[in-house]
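What follows is the residue order along each chain.
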Amino acid sequence: MARKETKAEQKARVLKVLEALDREYGTEYICYLNHETPWQLLIAVILSAQCTDARVNMVTVDLFKKYDSPQSFAQADLKELEKDIHSLGFYHMKAKNIISCCKDLVEKFGGEVPSTIEELTSLAGVGRKTANVIRGNIYNEPSIVVDTHVKRISRKLGFAKAEDPEKIEFELMKVLPKEHWILWNIHIITLGRTICVARSPKCGECFLRELCPSAMPAKAGKGEH
């Protein structure tokens, strides 16, 4: 059984991982959901549940032309909005949440997207993950978004142990330097989509292989450790 890593050793490994990610992917903040305004990003994130960003972007091209403000969404007909977003799945709940969310945006926040985690999570369809996307991308507030890639790869790297996304968020807040909180999600999504793929991680090609306790030996081929 391998010796347990000390806090000092983990801290050093964390910094090496972050340096490698910065070298490989840069330090520019990237949002994979197309938007021009904060409220558009909020709706796009609600739509992205159980759906790919690429599919959401295909739908929002026309959706944001048809509904050009929070007021338009707040006044939308539920059945009609369901048809508009039908291809994204879970359309009934998403349509219901979007209308309710936009009513609150208009009535409680003057049509503006709030910035605090408490205000954001008071909106229909908005959990901590969605709130942190908004806080990071719109308000540049240090925040960690725990999606499926971040959950899986953070655990593989040994930076988190929990299963619950909210608990993982707080674990990572203790492990990662604050200035890397937003970048962590951006970098790990890219890594998860290209190299550390869930079903067949390409450990032999991974630039983090020497720093990852879950890395498969190169000769072992593909597969989970």
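The shown structure was predicted, so the numbers you read here are calculated from the model rather than taken from an experiment.

Definitions and cut-offs
Residues numbered from 1 in each chain as written. Predicted model: local features only at pLDDT ≥ 70, side-chain atom pairs only at ≥ 80, totals over all residues. Heavy atoms only, no water. Salt bridge = Lys/Arg side-chain N within 4 Å of Asp/Glu carboxyl O. Helix = DSSP H or I, 4+ residues; strand = E, 2+ residues; numbered from the N terminus. Buried < 20%, exposed > 50% of the residue type's maximum accessible area, 1.4 Å probe, protein only. Contact = heavy atoms within 4.5 Å. pLDDT = per-residue confidence, 0-100. Phe/Tyr/Trp six-rings, centres within 6.5 Å; stacked < 30°, edge-to-face > 60°.

### Points about the pattern of salt bridges
Move 1: Throughout the structure, instances matching the rule amount to 11 salt bridges.
Move 2: Aspartate 84 serves as the salt-bridge partner of lysine 66, at 3.1 Å between the closest nitrogen and oxygen. One end of the pair, lysine 66, is in helix 3 (residues 53–66); the other, aspartate 84, is in helix 5 (residues 78–84), with 18 residues separating them in the sequence.
Move 3: The class of lysine 66 is partly exposed, set by a relative accessible area of 41%.
Move 4: The exposure class of aspartate 84 is partly exposed, given its relative accessible area of 25%.
Move 5: Linked through salt bridges whose partners overlap, the residues forming this network are Lys66, Glu80 and Asp84.

### Details of the environment of proline 38
Move 1: One can find proline 38 in helix 2 (residues 38–47).
Move 2: Residues proline 38 and valine 56, spaced 18 residues apart in sequence, show a C-alpha to C-alpha distance of 16 Å.
Move 3: Beyond its immediate stretch of four places on either side in the chain, proline 38 contacts Val113, Ile134 and Ile138.

### Observations regarding the confidence of the model for the chain
Move 1: Here the chain shows a mean pLDDT of 94. Residues at 70 or above account for 96%.
Move 2: Segment residues 219–225 is flagged for pLDDT under 50; beyond a separation of four residues in sequence, or across chains, it makes 13 contacts in the model.

### Topic: the packing of aromatic side chains
Move 1: In the structure shown here, the tally under the stated rule is 6 aromatic pairs.
Move 2: With a centroid separation of 5.7 Å and 75 degrees between ring planes, the pair formed by tryptophan 39 and phenylalanine 64 is classed as edge-to-face. Residue tryptophan 39 is found in helix 2, and its partner phenylalanine 64 is found in helix 3; the two are separated by 25 residues along the sequence. Like phenylalanine 64, tryptophan 39 is buried.

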